[in-house]
Amino acid sequence: MEIAQNIDLKPYNTFGFSYEAKSAYFFQSIEDLEKLHQTHEWFRASNFLILGGGSNILLTQNIEQPVLINEINDSISIIEESEDHITLEVGAGKNWHDFVIWTIDNGYGGLENLSLIPGKVGAAPMQNIGAYGVEIKDSLHSLRAFDIQKGEMTTFTNAACQLGYRESIFKRERKGQFIIAYVRFTLTKRNHKLNTAYGAITSELEANGITTPTIKDISNAVIAIRQSKLPDPKKLGNSGSFFKNPVVPLDIFETLQKDYSNIVGFPVYNGVKLAAGWLIEQTGWKGKQIGNVGVHKKQALVLVHYGGGKGEDLLALSKAVQDAVLKKFGVTLEPEVNIL
Ligand SMILES: Cc1cc2nc3c(=O)[nH]c(=O)nc-3n(C[C@H](O)[C@H](O)[C@H](O)COP(=O)(O)OP(=O)(O)OC[C@H]3O[C@@H](n4cnc5c(N)ncnc54)[C@H](O)[C@@H]3O)c2cc1C
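Criteria and cut-off values
- Residues numbered from 1 in each chain as written.
- Predicted model: local features only at pLDDT ≥ 70, side-chain atom pairs only at ≥ 80, totals over all residues.
- Heavy atoms only, no water.
- Pairing = 2+ DSSP bridges.
- Helix = DSSP H or I, 4+ residues; strand = E, 2+ residues; numbered from the N terminus.
- Contact = heavy atoms within 4.5 Å.
- Axes fitted to C-alpha atoms, helices over the stretch in contact; angles between N-to-C directions.
- Buried < 20%, exposed > 50% of the residue type's maximum accessible area, 1.4 Å probe, protein only.
- Near = heavy atom within 4 Å.
- Polar contact = N/O pair within 3.5 Å; in protein donor to acceptor, adjacent residues only side chain to side chain.
- Areas by Shrake-Rupley, 256 points an atom, 1.4 Å probe, with all protein chains shown as cover.
- Nonpolar A, V, L, I, M, F, W, Y, C, P; charged D, E, K, R; others polar.
- Core = buried A, V, L, I, M, F, W, Y, C linked by side-chain atoms within 4.5 Å.
- Domains from an automatic or database assignment.

1. A closer look at the sheet that holds strand E14 (residues 247–248)
Here's step 1: Sheet architecture is open: 3 strands sit in the order E14-E16-E15, paired in antiparallel fashion. With partners counted over all chains shown, the strands left at the sheet margins are E14 and strand E15 (265–268), one partner each.
Here's step 2: The sheet contact formed by E14 and strand E16 (residues 271–274) spans 2 bridges and is antiparallel. Of the residues in E16, the one forming a bridge with Val248 is Val272.
Here's step 3: Taken strand by strand, helix H6 (residues 250–259) contacts E14, E15 and E16, and its axis lies near 50° from that of E16.

Following this line, the structure appears as structure tokens:
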């Protein structure tokens, strides 16, 4: 395990904000975690910050606590296999998109709609990553996590993770108690259940003359759509959607519809999910820049850092956007990004 002192966290967060960490531990195995548990009180007290790819965090200050950077990247192993399905285990430090491409290249279906999401495998269950009608909830078999207090491994089934819309037990009741070390997925080997319900995927496939798509075709379509709509963090700092799409009760939605006949909403089990990007756009914030931070020109849900700015500035911008949406629609936007 490599240990570094006084490091700049700029390369470790996709917003590209420069804050210092007093110490950083690059762990590569369960043994590394066991060693930290045996030797450091701060570890047993869960007084540290763990990072994967830093694509879902907003740093707003220097980090005094030790920072743990997940580099568990053993080779992918097969847990069980039948004619129709395969269950794989993958190290939490593996790059998510590389893993998705590996599954597709091997003919395993289930993750193709989640192509090109930044970050590492271990953070994916944290917020049940999702895109284009699919969430990892749909294929996650279980995960193995290190119990920070007890210093031992424990298994969580899919149900035990309590995955919801950008939610899991690890963000709520069990926050700060586990380090996700290995994740298992059950994928299809044939008769793949393709999800092309999202209009943009259908249009992209049609544009390429594809009528009977493969999982690779869907992955390519998703990659093309994402590249055309979302800023590449290597070129423009961002963390994808900054806010969650808010869910409001049906009666509130109907009242809003009276004033805004073109309001965008999708029925969900507990009400109607509004498109946060649309709400922000209506307040006039889309494309606005304040100093070194702003709201993306093409996608109002994405807040961006043009370089040389501070996380505090972006936090202030996010609050101004929240206030504007609350004032206009009476709807509270909740950040999807973890603010530190
Ligand atoms: C351009 C762009 C597009 C995006 N598109 C999507 C999208 O379509 N759908 C979507 O859901 N998300 C999207 N995201 C958000 C982000 O990519 C995902 O949330 C991703 O899973 C975060 O992974 P990470 O490794 O970077 O996590 P980090 O940002 O490093 O960490 C996120 C949180 O998880 C904790 N954590 C990280 N690893 C572990 C671990 N092993 N054990 C315990 N806790 C851990 C961290 O402490 C932090 O609280 C996008 C981001 C960007 C920049």
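Next comes the rest of the description.
2. Some details on the environment of Gly284
Here's step 1: With respect to the helices, strands and loops of the structure, Gly284 is situated in the loop between helix H7 (276–282) and strand E17 (289–290).
Here's step 2: With a relative accessible area of 35%, Gly284 lands in the partly exposed category.
Here's step 3: Residues Gly284 and Ala300 lie 16 residues apart in sequence; the distance between their C-alpha atoms is 9.5 Å.

3. Comments concerning the sheet that holds strand E19 (residues 302–305)
Here's step 1: With respect to topology, 4 strands assemble into an open sheet ordered E13-E19-E18-E17, the strand pairing being antiparallel. Edge strands, defined here as strands with exactly one partner in the open sheet, are strand E13 (237–241) and E17.
Here's step 2: Across 3 bridges, E13 lies against E19 in antiparallel orientation. Of the residues in E19, the one forming a bridge with Ser241 is Val302.
Here's step 3: Running over the sheet, helix H8 (residues 311–329) touches E17, strand E18 (293–295) and E19 and is turned about 30° from E18.

4. Considerations on the site of the ligand
Here's step 1: If you check the shell around the ligand, you find 33 residues, and the closest are Ile50, Gly52, Gly53, Ser55 and Arg226.
Here's step 2: Between Gly53 and the ligand, the recorded distance is 2.7 Å, taken from a backbone N or O atom to an oxygen atom.
Here's step 3: In isolation the ligand has 990 Å² of accessible area, and contact with the protein removes 93% of it.
Here's step 4: Of all the elements in the fold, those that place two or more residues in the shell around the ligand are strand E3 (49–51), strand E8 (130–131), strand E12 (178–188) and E13.
Here's step 5: Residues belonging to the shell around the ligand are distributed by class as follows: 15 nonpolar, 14 polar and 4 charged.

5. Here we look at the nonpolar core
Here's step 1: One finds Leu274, Leu279 and Ile280 to be the most contacted residues of the largest nonpolar core, which totals 46 residues.
Here's step 2: Counting residues per element, this core draws most heavily on H8, which supplies 7 residues.
Here's step 3: Residue assignment places this core across two domains, with domain 1 (2–70) and domain 3 (237–339) each supplying three or more.
Here's step 4: When residues no more than four places from it in sequence are discounted, the contact partners of Ile280 are Phe243, Trp285, Lys286, Val295, Ala300, Leu301, Val321, Val325 and Leu333.
Here's step 5: Judged by nonpolar contacts, the second largest core, of 39 residues, contains Val90, Ile104, Leu114 and Phe185.

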